[in-house]
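Structural characterization, general
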Amino acid sequence: QVTLHAGAELDAHQVNQYTLILRAACPGEDEVEERLFVRITAGQVLRCDSPFASAEGDVVQVLVDVAPRTPLYAPWRQQKPGCGEVRQGFPSSFSLQFRLRNHNTPLTLTRRGLVLAPDNGFDPSKDTQTFRLEIEVMDHHGHNCSGAVRVEVLPSGRPCVTFPEPHRAVMVTQGIGPWEVVTQVHARGENVRYAILAPVAPALFTIDEVTGEIRSTRRLELLRAHLLIRAYNALHPDDHATATINVTVQGTDHQAPRCVPAIFVSQVPETVSPGNTLVTLRCTDSTNTDGCLHYALEGPPSSLSRFCMEGPQLKVNTTLDYDSEAVAALGFQFTATIVVTVGGQTLQTTRVPVLVTVTPVNEFRPVCPNGATFTVPETAAFGSIVGRVAGTDRDYPPDSLEYSLEGGSGPAQPFSVDRHTGEIRVVGHLDSQQQKSYRLAVRLTDTHNDLDLRKRQSRLCDVSVRLQAVPDQVPVCIPEVQELRITAGSPGSHQPITRLACHSSSDSAVLTYTIVGGNEDGHFRQEGNTLVYLANDRTEPHTFVLLVEVWGGSGARRRSTVVALVVHVAPWSTPVPPSTTTQRTTLKKEPLVVTRTEAVWHPPAWFVAVLTISGALLLATLGCMARNLLCR
């Protein structure tokens, strides 16, 4: 009997099948092993997920300025909360009922399980607020579970409304017509709106509450006006700020200011510190009222984010990093325009073009690769690639390095390093018995990272090259035994008999051949792999059994094999060209053994007994039926 453990929790979505191995044995019999497969199917049990069902409950953090009746949490679905998303913590269901156990909270729980913000929103005067809701969930089968959620109300993270320039002086020319733009104000914040607080009368100016543009309501003559502008958050009117705009209407005899320099072109290193002044403009207008000059910077966003104006000074705003793809895409140049106006009047404007070129500075040293260890077989040919030293350099252009081998190449270091790629190649003889590994010092030197080519940085990297021993194999000759029949030539002639077909494991290894047996009388000579017979005046046939030893390899690792040659020599009788008959022996093939397996069934003894009794009863029945038929 197999039962479920009391503390077990089954989840078909995690594991839907278990395999149990059962073993049983009777006394005197072999043990029997079987498997039991238990399949788990999804049930209709209602279960609250954590952390909603935990003792502490789920936690939701919202800002105090969240809109009224904003959905904050839903316990019927698990989803990671994000900006503007509903935090949820229970499997989805279309037939769930939700009930709030505690009612001492301004939050609202809807029939579909949504937790909403208060109808009037949260109280912004309180720093921190915490509300705990205990929720009971029930399905249409009557199954229920419960959980809790804690809503933490945080202070608002929105920025306050502020004016970057709380005081401005604007000068316009006489005769400007109605509804022409005099100037424009800008405030930082969210949902910003603008209004003119003073003067109320006469209403010479009006402001666009959205854009902040200030326009004239009539034709302006010579005058001075002081405007008090308010900027406020439309959703939170208590968040506001004020600015003062002094508007001066002057005659039409004013000219645009003159600035020195009229064009600014400069080169600065990438290491220039933020806040450094690149140029100070010296500008004057026709009335010599330098205090009414207004300086602004125009240009692409890449330039406006890196430079700023403080009065007539052009300063560096952020780091000018030469080693970045963004600056490289701009050609390492930034363009902008300094706009100089008299009192903010656009008709009296001078533009000073600016071109700043960023120059590189060699700031970083090259970095060696981690674990520069390579393995090469000792039989590697000349010029074989061992590996590549992949150094890095953070200066732009990235990884512009040159490689060199300290100490150079030689017998002690049979390797070379490619100057541009860092590839290590074999340029000498390798022998693992003489030296198992080499430790190379590769120097990495950066290039093209500074205007001054003498300012180069380098680093030594340790590279380990291990030799992999390749065992020399015995030379192989095909065939190993030869039987030859020749007719001797004229006495004193040299007669080639056969060439030995032998090879070594290394194609570059040179094989040597030596007759080590059967040539006591000196009738044969070995020339390379060719066996030569030295003819004499012998008049009787004779058979020679020669042993030729073939050596391969070098040094202490030389290996050899022996080839047997049986040469039958017939004497020279007539002056006919000698003939050579070569007979080669064929090695016996190993017999092929075929194994045939037949399945045989050996029934148990009880089965044989039952089968015998059943057969006897069948025969008896057939006999009785035959007897009855004969009697009739």
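Residues numbered from 1 in each chain as written. Predicted model: local features only at pLDDT ≥ 70, side-chain atom pairs only at ≥ 80, totals over all residues. Heavy atoms only, no water.

Some words on the overall build of the protein
What the protein contains, in helices and strands, is three helices and 43 strands. Here the protein holds 632 residues, and the buried ones make up 35% of them. Relative to all contacts within the protein whose residues are 6 or more apart in sequence, the contacts with residues 24 or more apart total 64%. (Helix = DSSP H or I, 4+ residues; strand = E, 2+ residues; numbered from the N terminus. Buried < 20%, exposed > 50% of the residue type's maximum accessible area, 1.4 Å probe, protein only. Contact = heavy atoms within 4.5 Å.)

Concerning the packing of aromatic side chains
Counting across every chain of the model gives 10 aromatic pairs. Consider the rings of Phe52 and Tyr73, whose centres lie 6.2 Å apart with planes at 25°: the pair is stacked. Of this pair, Phe52 sits in the loop between β2 (32-39) and β3 (58-63) while Tyr73 sits in strand β4 (residues 71-74), placing them 21 residues apart in sequence. Tyr73 shares its class with Phe52; the two are buried. Ring-pair connections join several aromatic residues into one group, and the members of that group are Tyr322, Phe332 and Tyr396. The ring of Phe364 carries Arg394 above its face, with NZ or CZ at 4.0 Å from the centroid. (Phe/Tyr/Trp six-rings, centres within 6.5 Å; stacked < 30°, edge-to-face > 60°. Lys NZ or Arg CZ within 6 Å of the ring centre and 35° of its normal.)

Some details on unusual backbone geometry
Put simply, Val260 and Pro261 share a cis peptide bond, and its omega is 5°. When you line up the elements, Pro261 lands in the loop between β18 (258-260) and β19 (264-269). Between Tyr396 and Pro397 the backbone carries a cis peptide bond, its omega angle lying at -5°. Position of Pro397 relative to the elements: it lies in the loop between β28 (385-388) and β29 (401-405). For Trp179, which is not a glycine, the phi torsion comes out positive at approximately 60°. Classification of Trp179 as exposed rests on a relative accessible area of 54%. Even without glycine at this site, His448 takes up a positive phi of about 55°. Positionally, His448 belongs in the loop between β32 (437-446) and β33 (458-468).

Examining the nonpolar core
The biggest cluster of nonpolar side chains holds 30 residues, and the ones touching the most others in it are Leu278, Tyr295, Phe307, Leu314, Ile338 and Val340. Broken down by secondary-structure element, the contributors of at least two residues to this core are β19, β20 (277-280), β22 (293-298), β23 (307-310), β24 (313-316), α2 (325-329), β25 (333-342) and β26 (345-359). Residues Val60, Val66, Leu107 and Val115 belong to the second largest nonpolar core, which totals 25 residues. (Core = buried A, V, L, I, M, F, W, Y, C linked by side-chain atoms within 4.5 Å.)

Re the UniProt feature "transmembrane region" (unreviewed entry) in the protein
Taken from the UniProt record, the annotation "transmembrane region" (unreviewed entry) applies to residues 605-626. For residues 605-626, the end-to-end C-alpha separation is 32 Å, with 100% helix and 0% strand making up the annotated structure. (UniProt positions renumbered as here; feature names shortened; annotations may be inferred.)

Considerations on the sheet that holds strand β39 (residues 524-527)
In space, the three strands of this open sheet follow the order β36-β40-β39, with antiparallel pairing throughout. Both outer strands of the open sheet, β36 (494-499) and β39, are each paired with one neighbouring strand and no more. Averaged over all pairs of adjacent strands, the angle between their axes in this sheet comes to 30°, without regard to strand direction. (Pairing = 2+ DSSP bridges. Axes fitted to C-alpha atoms, helices over the stretch in contact; angles between N-to-C directions.)

Focus on the side chain of Asp431
When you line up the elements, Asp431 lands in the loop between β31 (423-426) and β32. Asp431 sits in the buried class, given a relative accessible area of 12%. Among the polar contacts made by the side chain of Asp431, one reaches the main-chain amide nitrogen of Gln433 at a distance of 3.1 Å. (Polar contact = N/O pair within 3.5 Å; in protein donor to acceptor, adjacent residues only side chain to side chain.)

Considerations on the state of the cysteines
The tally for this structure, following the rule as stated, stands at three disulfides. Note that Cys259 is cross-linked by a disulfide to Cys283, the S-S spacing being 2.1 Å. Handedness here is read from the sign of the S-S torsion; for Cys259 and Cys283, about 115°, the answer is right-handed. In this pair, Cys259 is assigned in strand β18 and Cys283 in strand β21 (residues 282-284), connecting sequence segments 24 residues apart. With relative accessibility at 5%, the residue Cys283 sits in the buried group. Disulfide pairing is shown between Cys477 and Cys502; the S-S distance is 2.0 Å. Torsion about the S-S bond of the Cys477 and Cys502 cystine: about 110°, corresponding to right-handed handedness. With a gap of 25 residues between them, Cys477 in strand β34 (residues 476-477) and Cys502 in strand β37 (residues 502-503) connect regions that are remote in the sequence. No difference in accessibility class separates Cys477 from Cys502, as the two residues are buried. (Disulfide = S-S within 2.5 Å.)

Points about the pattern of salt bridges
Counted according to the given criterion, the structure contains 16 salt bridges. In this structure, the salt-bridge partner of Glu213 is Arg215, at a minimum N-O distance of 3.0 Å. Of the charged contacts in the structure, one is a salt bridge between Asp452 and Arg454, with a shortest N-O distance of 3.1 Å. For Asp452, a relative accessible area of 22% translates into the label partly exposed. Taking relative accessible area as the criterion, Arg454 reaches 74% and is therefore assigned exposed. (Salt bridge = Lys/Arg side-chain N within 4 Å of Asp/Glu carboxyl O.)

Remarks on the pairing of strand β6 (residues 97-100)
Burial of β6 is one-sided: the residues Phe98 and Leu100 facing one way are buried, the residues Gln97 and Arg99 facing the other way are not. Here β6 runs beside strand β9 (residues 129-138); their pairing, made up of four bridges, is antiparallel. Within β9, the position partnered with Arg99 by the bridge is Glu136.

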